[in-house]
Amino acid sequence: MRRRLDGVLLLDKPTGLGSNAALQAVKRLYGAQKAGHAGTLDPLASGLLPVLFGEATKFSQLALDADKEYLAGARLGITTTTADAEGEVLERRPVALLESAIELALARLRGPIEQVPPMYSALKHAGQPLYALARQGRSVTRAARRVHIHELQLLRFDGEVLELRIRCSKGTYVRTLVEDLGLALGCGAHVCSLRRTAAGVFSIADAVTFDQLQLAAPAELDGLLLPVERLLAGLPRVDLATPLAERFAQGQAIQLGPTTVGCCSVYRMQGGLLGIGDAGPLGELRPRRLVAHVPEPTQAAEKHQKNL
């Protein structure tokens, strides 16, 4: 029996499991009617995967659009078909690099850069995923995309493997970043390990593992959820009094005084979440996404939120 459930679970996804498989396992565990995730992780990767239940799924784009942070292992001297450890080896080259040369190469990859999406990706060409074409031995032209590498820090170098901390904008392919780094160093490289440590306002420090979920008593599971409002924590907030709140909740644009321009979270004054809206320069607030009802976090979830 599926139940209606609203909230956000921060899952520490293990390696060897795709994002959708992890989502379905969590959805079954909670017996939830509706669930989604906010950011794909390959089976090779581990780390933070926000799982969204019920009304939280309406705001998944906010999490998808947020900056991400990763810890990545880059194996130098070996290039593969997929730019990660799961691909077939294409070439091996000797590695004889000074750390100063690595730092210079990293500096050129910081800031706004152009990336060509890899063939082994979920992007579609003529209705087919690129990875499906790649498995057929086909390659198609992909337009470069502009992404932003906010931080690219060398944590460790043992002569063959670089450990990197990466904070980047949405749409960044870490495999492509590492591949480009290997090209710049002249020896080639691929991703040998990858762990997502942050996504927007969420941190891996607050995530739970599958083992923790499976050991939790049924009554404790809901207490591990964060309220839907946590997805909107980075947005300016607007509180509406009645009757403006009623009109907004019915999908009508309303007129406010001077307020923050752009996307904002909207609440009923002394009440709960109404949704998100777009505030114009002339004080007009238009609904963008509305909740069907005001999600009420459980007492356990409220306690969990205060401890974060």
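Residues numbered from 1 in each chain as written. Predicted model: local features only at pLDDT ≥ 70, side-chain atom pairs only at ≥ 80, totals over all residues. Heavy atoms only, no water.

Visitor: So what exactly am I meant to see when it comes to the overall build of the protein here?
Guide: When helices and strands are tallied, the protein shows nine helices and 18 strands. On the principal axes, the C-alpha backbone points of the protein span a range of 70 × 50 × 40 Å. Looking at the 308 residues of the protein, the share that counts as buried comes to 46%. Intrachain contacts of the protein at a sequence separation of at least 6 include 68% that bridge at least 24 residues. (Helix = DSSP H or I, 4+ residues; strand = E, 2+ residues; numbered from the N terminus. Buried < 20%, exposed > 50% of the residue type's maximum accessible area, 1.4 Å probe, protein only. Contact = heavy atoms within 4.5 Å.)

Visitor: Looking at this model, I keep getting lost on helix H5 (residues 174–185). Mind explaining?
Guide: An α-helix turns once per 3.6 residues; consequently, residues spaced three or four apart project the same way. With 12 residues, H5 extends 16 Å between its outermost C-alpha atoms, agreeing within 8% with the 16 Å of an ideal straight helix rising 1.5 Å per residue. All of the buried residues along H5 are Val174, Arg175, Thr176, Leu177, Val178, Leu181, Gly182 and Leu185. Following H5 by one or two positions, glycine 186 has its phi on the positive side, about 80°. (Expected span 1.5 Å × (residues − 1).)

Visitor: It is not clear to me how the pattern of salt bridges should be interpreted in this structure. Could you clarify?
Guide: Side-chain pairing between opposite charges can occur once the charged atoms of the two side chains come close. Per the counting criterion, the structure on display carries 20 salt bridges. One salt bridge in this structure joins arginine 237 and aspartate 239, with 3.0 Å as the shortest N-O distance. Ionic pairing is found between glutamate 246 and arginine 268, a salt bridge with its closest N-O pair at 2.7 Å. One end of the pair, glutamate 246, is in helix H8 (residues 244–249); the other, arginine 268, is in strand S16 (residues 262–268), and 22 residues separate them in sequence. (Salt bridge = Lys/Arg side-chain N within 4 Å of Asp/Glu carboxyl O.)

Visitor: How should the layout of surface pockets be read in this particular structure?
Guide: Over the atoms a probe the size of a water molecule is rolled, and this reveals where empty space is left. In this model, the largest pocket occupies a volume close to 1100 Å³. In this structure, the largest pocket is lined by 31 residues; those nearest its centre are Thr40, Asp42, Ala122, Tyr173 and Arg175. Breaking the lining of the largest pocket down by element, the ones donating at least two residues are helix H2 (60–64), strand S4 (68–76), helix H4 (130–135), H5 and strand S12 (189–199). Looking at the lining of the largest pocket, its residues break down into 13 nonpolar, eight polar and 10 charged. (1 Å grid on protein atoms, 1.4 Å probe; cavity = no way out; pocket = protein on both sides within 12 Å on 5 of 7 lines; lining within 4 Å. Points joined across faces, edges and corners; volume = space filled by probe spheres on them. Nonpolar A, V, L, I, M, F, W, Y, C, P; charged D, E, K, R; others polar.)

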